[in-house]
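These are the residues of each chain, in order.
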Amino acid sequence: VSANEEGYDPIQWNTSTNTHPPWLRFHLGISRWQMYQQKDPNLSALTQQLASHRIVSAVQKSGGTQLKLVMSFPNYGQALFKPMKQERDEETNVNLYYFSDFERHNAEIAAFHLDRYQLSPGALGQLTSILGFRRMPPAVGRLINVIKEVKDITTDHKLVTTFFTSPVGNACFYGQCSYYCSTEHAICGRPREVEGSLAAMLPDESLAPRRSWRSPWRRSYSRSKLADWEKYSNYCDSVKKIPPYDRGTRLVDLIDMTILDFLMSNMDRHHYETFEKFGNDTFLIHLDNGRAFGRYSKDEPSILAPLVQCCRIRRSTLLRVRLLSLAPYRLSDVMRASLSQDPLAEVAPLLTEPHLSALDRRLETVLQTVHECLQQHQHHSDVIYDDIIDYRED
């Protein structure tokens, strides 16, 4: 990268990590089993920069079904911006198929908090984690001035042509994409500021290639056809014979992701990614969670199909879920406390109380599903994958 680009800081990095900006420390800290460490001192600095650093460039991210922008900062860090498209108290239309749903900025932020490990010291006693997966890039909320921080600094000429002023004087734009990029679905400031999520970008794929895996429990993405897993109750038997699900932790990794998705009511997990460098024995990256938290009044039991059909779960995950069902550490309470630390919480709670209550209800469903699995199998070891024996704290 060049240190002479307008708006960027001169590069003064060397081999010492003390000179590295937070985003580079984040990239270098990614390991085989996690996106960041349990007590990563860099995480606070990274989220603070995402929330407050000056934006020097904003361009539309190519591909995808909905509008997303790549924001750049003076220290060459980058973040993926998803703008607000739905009010927090709105529910997804019951007649809308999951693949046509909006991507919600608050869903990306809430997903990170649900997946993440660390809460601030003293929050809810000694509990320092929620699900504790640490498989998702950090994401924070931020108010963006669509004129000063997008239109005036972008080099994306196609994006500029989509800006307009609404009848009530709000600054709006809609970009170019296959869904919801039109004047009818424009992103509008109030009058110029719009809420959004900023998620830290992963290392460039030229430096850290990623492999995309089609989920065995991928939905048909058809309004009339069913996927195989929806037709055959013994579907998991065939999955367990196929690499990489026939060995190692890949199956329980996927079921971890299933539990996360069920709690968030995310039906849009058609693929997942891993870093090629680590081969098949590595964590699954929990990317793209914008279609989560669309409904609180209804649960979607089909999301739990991998857990129901395979009856397999990590012991550490089960212990975490059980803990979050206890009154002192109730999931809704720890999520409320964690989300209150996000900058957008000053505008309004990231999740409404009905969404928080839905988390508790769905957690009980997960526990009941595991209980039924244990009743169906003579040996608990057939259901519970014991990952505690060789567990070591970071």
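Remember, it's a predicted structure, so these values are computed and weren't measured experimentally.

This part takes up unusual backbone geometry. Residue R190 is joined to P191 through a cis peptide bond whose omega torsion reads -5 degrees. Take P191: it is sitting in the loop between β7 (187-188) and β8 (193-200). Looking along the chain, the bond that leaves P243 and enters P244 is cis, with omega of 0 degrees. Along the chain, P244 falls in the loop between α7 (235-239) and α8 (250-264). For Y221, which is not glycine, the phi torsion reads 55 degrees and is therefore positive. Locating Y221 in the fold gives a position in the loop between β9 (210-214) and α6 (228-231). In this structure, F293 takes a positive phi of about 50 degrees despite not being glycine.

With numbering matched to this structure, UniProt assigns "domain: FAM20 C-terminal" (unreviewed entry) to residues 163-381. Taken as a whole, residues 163-381 contains 33% helix and 12% strand, while its terminal C-alpha atoms sit 58 Å from one another.

What the rule picks out here adds up to 4 disulfides. The side chain of C177 participates in a disulfide bridge whose partner is C181; the two sulfur atoms lie 1.9 Å from each other. Residues C177 and C181 are joined through a disulfide that is right-handed, its torsion about the S-S bond being 105 degrees. Its relative accessible area of 23% is what places C177 among the partly exposed residues. Judged by its relative accessible area of 16%, C181 falls in the buried class. A sulfur-sulfur distance of 2.1 Å marks the disulfide that ties C311 to C373. Where C311 bonds to C373 through sulfur, the torsion about that S-S bond is close to -80 degrees, and the disulfide is left-handed. Note that C311 is positioned in the loop between α9 (305-310) and β11 (313-314) and C373 in helix α12 (residues 353-376), a separation of 62 residues in sequence.

What follows covers helix α10 (residues 315-323). Owing to its 3.6 residues per turn, the α-helix brings residues three or four apart onto one side. Residues of α10 that are buried include every one of T317, L318, R320 and V321, and no others. For α10, the arc enclosing every buried residue in end-on projection is 160 degrees, short of the 170-degree limit, so these residues lie on one face. Where the residues of α10 are buried, they touch α8, β11, α12 and β12 (384-385).

Let us now look at the pattern of salt bridges. Applying the stated criterion across every chain, the model contains 25 salt bridges. Salt-bridge contacts for E195 lead to R88; the nearest nitrogen and oxygen are separated by 2.8 Å. With a gap of 107 residues between them, E195 in strand β8 and R88 in the loop between β3 (78-83) and α3 (105-115) connect regions that are remote in the sequence. A single network of salt bridges, built from pairs that share partners, joins K68, K82, E103, E108 and D288.

On the UniProt side, "binding site: ATP" (unreviewed entry) is annotated at positions that read Q66, K82, E103, A199, A200, M201, L202, E273 and D288 here. Tracing the sequence through the fold places K82 in strand β3. Judged by relative accessible area, K82 falls into the buried class, the value being 4%. Setting aside residues no more than four positions away along its own chain, K82 makes contact with K68, E103, H105, E108, E195, G196, S197, D288 and G290. In this structure the side chain of K82 is engaged in a polar contact, spanning 2.8 Å, whose partner is the side chain of E103. Examined against the element boundaries, D288 turns out to sit in the loop between β10 (271-275) and α9.

Burial analysis of strand β4 (residues 139-145) places 6 of its 7 residues in the buried class, the great majority of the element. By the bridge criterion, 7 bridges tie β4 to β8 in an arrangement that is antiparallel. Note on β8: the bridge partner recorded for R142 is G196.

Take the domain arrangement of the chain next. The domains assigned to the chain are domain 1 (17-43 + 52-200) and domain 2 (210-385). Taking the mean C-alpha position of each, domain 1 and domain 2 sit 22 Å from one another. Contact with domain 1, which involves 55 residues of that partner, is made by 56 residues of domain 2. Of the roughly 4800 Å² buried where domain 1 meets domain 2, counting both sides, 62% is carbon and sulfur surface. Broken down residue by residue, the surface that domain 1 buries against domain 2 is led by R88, Y98 and R135, which jointly contribute 16%. For the pair domain 1 and domain 2, the interface holds 2 salt bridges. Where domain 1 touches domain 2, the interface holds 23 residue pairs in polar contact (both at pLDDT 80 or more). Those elements that place two or more of their residues in the side of domain 1 that touches domain 2 are α3, β4 and β8. Ranked by residue count, the leading element in the side of domain 1 that touches domain 2 is α3, at 10 residues. Of the residues assigned to the side of domain 1 that touches domain 2, the class counts are 25 nonpolar, 15 polar and 15 charged.

Definitions and limits used
Residues numbered from 1 in each chain as written. Predicted model: local features only at pLDDT ≥ 70, side-chain atom pairs only at ≥ 80, totals over all residues. Heavy atoms only, no water. Helix = DSSP H or I, 4+ residues; strand = E, 2+ residues; numbered from the N terminus. UniProt positions renumbered as here; feature names shortened; annotations may be inferred. Disulfide = S-S within 2.5 Å. Buried < 20%, exposed > 50% of the residue type's maximum accessible area, 1.4 Å probe, protein only. Arc of directions from axis to C-beta. Contact = heavy atoms within 4.5 Å. Salt bridge = Lys/Arg side-chain N within 4 Å of Asp/Glu carboxyl O. Polar contact = N/O pair within 3.5 Å; in protein donor to acceptor, adjacent residues only side chain to side chain. Pairing = 2+ DSSP bridges. Domains from an automatic or database assignment. Buried area = accessible area lost by both parts, 1.4 Å probe. Nonpolar A, V, L, I, M, F, W, Y, C, P; charged D, E, K, R; others polar.

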